[in-house]
Amino acid sequence: MITKCDHPGCTKAGTCRAPKTRDLKEYWWFCKEHAAEYNKNWNYYANMTPDEIDAEWERETFGIADKDKDQANKNEDDYVNFLNDFLSGRNTFDKMPVKKSVPSTIVSALQTLDLPITATWREIGSKYRSLAKKYHPDTAKDKSSAKEFMRITTAYETLKKHFKK
Ligand SMILES: [Zn+2]
């Protein structure tokens, strides 16, 4: 089962597992980039609870450090609005149906076309057309292009079936 990256707002596939706590009972799923970022901070996060990590990420993601929070509190309304936006954004993100319904073959096909997991059929079509133009055996010069052309075409066919086109 492929889920989306657990980093708030990230739309990439969460293919890398990272422990939430030292007892390794719970895991985050991140894209490569956020997994690398997380691992870099592992020692720092390891002694925190998931809630504390969440709070820390809020600060990192939105640039609210403790000293800035004091400033933000001075303008209470803005701060409350900011938190509400963050929470509802996170909520929507967590409830996205793609989280559980996208088969791994589709995810890898999308990755082949360098598209996010949320790509629409329209986006897939136009991305495929531009890649196909680039790698088409009639216009491309080397053998690796022909191979690449096959690869993107296979991915496209897979997605075509998935989207029932
Ligand atoms: Zn990510």
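Everything that follows concerns the structure shown earlier in this document.
To start, this report covers the structure provided alongside it. In this text the structure is predicted, and so the values were computed from the model without any measurement.

## With respect to the coordination of the zinc ion
Reasoning step 1: With distances of 2.0 to 2.3 Å, the protein atoms coordinating the zinc ion are Cys5 (SG), Cys10 (SG), Cys31 (SG) and His34 (ND1).
Reasoning step 2: What the four donor atoms of the zinc ion show is an angle range of 102 to 116° at the metal, which sorts the shape as tetrahedral.
Reasoning step 3: Within one chain, the residues donating to the zinc ion are spaced in sequence as C-x4-C-x20-C-x2-H.
Reasoning step 4: When its relative accessible area of 3% is taken as the criterion, Cys31 is described as buried.

## Observations regarding the environment of Trp121
Reasoning step 1: Here Trp121 lies in helix H8 (residues 121-135).
Reasoning step 2: C-alpha separation for the pair Trp121 and Leu159, spaced 38 residues apart in sequence, amounts to 8.4 Å.
Reasoning step 3: Not counting the four nearest positions on each side in its chain, Trp121 is found in contact with Tyr156, Leu159, Lys160, Phe163 and Lys165.

## A short note on the environment of Lys160
Reasoning step 1: Relative to the helices and strands, Lys160 resides in helix H9 (residues 143-162).
Reasoning step 2: For the pair Lys160 and Trp121, spaced 39 residues apart in sequence, the C-alpha to C-alpha distance is 8.3 Å.
Reasoning step 3: Setting aside residues up to four positions removed in sequence, Lys160 forms contacts with Trp121 and Lys165.

## A word on the pattern of salt bridges
Reasoning step 1: All told, the structure shown has three salt bridges when counted by the stated rule.
Reasoning step 2: Asp114 is the partner of Lys127 in a salt bridge, and the nearest nitrogen-oxygen pair spans 3.9 Å. Highlighted residues: Lys127 in helix H8 and Asp114 in the loop between helix H7 (104-112) and H8, separated in sequence by 13 residues.

## Quick look at the nonpolar core
Reasoning step 1: The biggest cluster of nonpolar side chains holds 21 residues, and the ones touching the most others in it are Leu110, Leu113, Ile124, Tyr128, Ile152 and Leu159.
Reasoning step 2: Considering every element that reaches this core, the biggest residue donor is H8, with six residues.
Reasoning step 3: Ignoring anything within four residues of it in the chain, the contact list for Ile124 reads Leu110, Leu113, Leu115, Ala119, Tyr156, Leu159 and Phe163.

## Observations concerning H8
Reasoning step 1: Here H8 spans 21 Å end to end across 15 residues, near enough to the 21 Å set by a 1.5 Å rise per residue.
Reasoning step 2: All of the buried residues in H8 are Trp121, Ile124, Gly125, Tyr128, Leu131, Ala132 and Tyr135. Summarising the axial view, the buried residues of H8 lie within an arc of 140°, below the 170-degree limit, and thus occupy one face. Counted as exposed and oriented over 90 degrees from the buried face of H8: Arg122, Arg129, Lys133 and Lys134.
Reasoning step 3: Packing partners of the buried residues in H8 comprise H7 and H9.

## Description of the packing of H7 against H9
Reasoning step 1: Running from N to C, H7 and H9 point in directions that differ by 135°, and their axes come no closer than 9 Å. Of the possible angle classes, the one that applies to H7 and H9 is oblique. Between H7 and H9 lies a crossing whose hand is left-handed. Residues Thr105, Ile106, Ala109, Leu110 and Thr112 of H7 pack against Arg151, Ile152, Ala155, Thr158, Leu159 and His162 of H9.
Reasoning step 2: In terms of residue class, the contact of H7 with H9 is built from six nonpolar, four polar and one charged.

Thresholds applied
- Residues numbered from 1 in each chain as written.
- Predicted model: local features only at pLDDT ≥ 70, side-chain atom pairs only at ≥ 80, totals over all residues.
- Heavy atoms only, no water.
- Donors = N, O, S within 2.8 Å, 3.2 Å for Na, K, Ca; no water.
- Tetrahedral: all angles 85-135°; square planar, octahedral: opposite > 155°, others 65-115°.
- Buried < 20%, exposed > 50% of the residue type's maximum accessible area, 1.4 Å probe, protein only.
- Helix = DSSP H or I, 4+ residues; strand = E, 2+ residues; numbered from the N terminus.
- Contact = heavy atoms within 4.5 Å.
- Salt bridge = Lys/Arg side-chain N within 4 Å of Asp/Glu carboxyl O.
- Core = buried A, V, L, I, M, F, W, Y, C linked by side-chain atoms within 4.5 Å.
- Expected span 1.5 Å × (residues − 1).
- Arc of directions from axis to C-beta.
- Axes fitted to C-alpha atoms, helices over the stretch in contact; angles between N-to-C directions.
- Parallel < 35°, antiparallel > 145°, perpendicular 65-115°, else oblique.
- Left-handed = near helix turned anticlockwise from the far one by under 90°.
- Nonpolar A, V, L, I, M, F, W, Y, C, P; charged D, E, K, R; others polar.

By themselves, these figures tell us nothing about what the structure is for.
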